[in-house]
Amino acid sequence: MKKALSILFIFFALLSYSQKTENIIIITTDGLRWQEVFKGIDSAIANDKNFNQGDSTYIYKKYGSSDFKESRKKLMPFLWSEIALKGQIYGNRDLGNKVDVSNPYWFSYPGYSEIFTGNVDLLVNSNDYKPNPNVNVLEFLNKQPKIKGKVAAFGAWDAFDRILNEQRSGFPVISAFDKIGGNNPTTVQKLLNEMRDNSFKPFHEDECLDVFTHYQAFNELKTKKPKVLYISYGETDEWAHHGHYRSYLDAANQVDKWIKQIWDFVQNDPQYKNKTTLLITVDHGRGDKTKTEWTTHGAKITGASEIWFAAIGPEISIKGEVKTDSQLYQKQFAQTIAKIMGYTFTSEHPVANEVKEVLDK
């Protein structure tokens, strides 16, 4: 009898720890600082006429509060209500919880390469770098029999074709003004293509507005039902480089709304409900020690290596805002993505270990 009970206990233990995630959605919002994510608006920047677009009243009315927890919740309400309640958020350095890039460059191409390859390649040292020679985790997952042909990536910036090496990787990478739908777009895809091509182009041909990237990706999610989907929003970085703090905050707030829209769809769709993990992060940080440097980043800018990330899903235990004193790195995300999906990412190049805390039940 005792032996039978022991076997049953082991069976139910294994069942409870079985792989539940069948899909993953990775979202990045370029260069969004941890300072705003965890502390809300920065009054030193909001009050500076060089950055507030002449409307600090708008900033304080929409996002301001004497309580930083209320301010951050106004800025990113879904992050701080749903994900903080049911998932995990890392990177509040005021609590000693540190997340950094490992590459020495602290700008976009090397950051995205590190996220997806799990490796720091010192030769990847320019935003104009050639197609990435390093294998990425999305490419690796696309080779798995259960996932093959069900991977897609959408990015507002035109460099993603190279960062993810679309030609070699074998999955579609829609970046900037790439057309969706191929030679036979659906009515919706045709409309999205036309709207994007005829839109206002504040970032020229290098980057489209996030709204087009979002709805292209959301249409893919609803119609093609990918198992692995990557979406990269870019306006948080662009408006910061322009020194437009109001637009930077609005872009972050809009990304939060889109993440909510995606999660609401996921949790109401039979294929995705309770079988999907969402991972959110950034490619680099920005300046803060010298407030005027919030607009920029790079190896010479103090604080530009500092990042954050969040996760929610069936493999993710409820920890909320993680307050433990620790140091994590961007290069750990690739293996974390693979492990969440039940695989171990291997490549000819080194791959850093996963963030064990994320998967620690």
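Rules behind the numbers
- Residues numbered from 1 in each chain as written.
- Predicted model: local features only at pLDDT ≥ 70, side-chain atom pairs only at ≥ 80, totals over all residues.
- Heavy atoms only, no water.
- Salt bridge = Lys/Arg side-chain N within 4 Å of Asp/Glu carboxyl O.
- Buried < 20%, exposed > 50% of the residue type's maximum accessible area, 1.4 Å probe, protein only.
- Helix = DSSP H or I, 4+ residues; strand = E, 2+ residues; numbered from the N terminus.
- Patch = residues over 30% accessible without salt bridge, like charges linked within 9 Å, V, L, I, M, F, W, Y side chains within 5 Å.
- Areas by Shrake-Rupley, 256 points an atom, 1.4 Å probe, with all protein chains shown as cover.
- Lys, Arg positive; Asp, Glu negative; His and termini not counted.
- Charge placed at Lys NZ, Arg CZ, Asp CG, Glu CD.
- Pairing = 2+ DSSP bridges.
- Contact = heavy atoms within 4.5 Å.

(A) Structural view of the pattern of salt bridges. Under the definition given, this model contains 20 salt bridges. For aspartate 100, the salt bridge is made with arginine 93, and the minimal N-O distance between the two is 3.0 Å. Here aspartate 100 and arginine 93 have matching classes, each one buried. Across the salt bridge formed by arginine 246 and aspartate 250, the nearest N and O atoms sit 4.0 Å from each other. With arginine 246 and aspartate 250 both in helix 14 (residues 245-266) and four residues apart, the pair spans about one turn of that helix.

(B) How the structure looks around a negative patch on the surface. A grouping of Asp128, Asp158, Glu205 and Asp206 is seen on the molecular surface, where their side chains present a negatively charged patch. Relative to the elements of secondary structure, aspartate 206 occurs in the loop between helix 11 (187-197) and helix 12 (210-223).

(C) Expanded view of the sheet that holds strand 1 (residues 23-29). Within the open sheet, the eight strands sit side by side as 5-4-6-1-7-8-2-9. Their pairing is mixed. Of all the strands in the sheet, the pair left with one neighbour each is strand 5 (173-175) and strand 9 (320-321). Across five bridges, strand 4 (residues 151-155) lies against strand 6 (residues 228-233) in parallel orientation. Each bridged residue has a counterpart across the sheet, and for alanine 153 the counterpart in strand 6 is tyrosine 230.

(D) Quick look at the environment of phenylalanine 38. Of note, phenylalanine 38 is situated in helix 2 (residues 34-39). Look at phenylalanine 38 and you get buried, because its relative accessible area is 0%. Each C-alpha atom, one on phenylalanine 38 and one on tyrosine 90, is 9.6 Å from the other, the two residues being 52 residues apart in sequence. Apart from the residues lying within four places of it in its own chain, the contact partners of phenylalanine 38 are Phe68, Arg72, Trp80, Ile89, Tyr90, Gly91, Asn92, Trp308 and Glu321.

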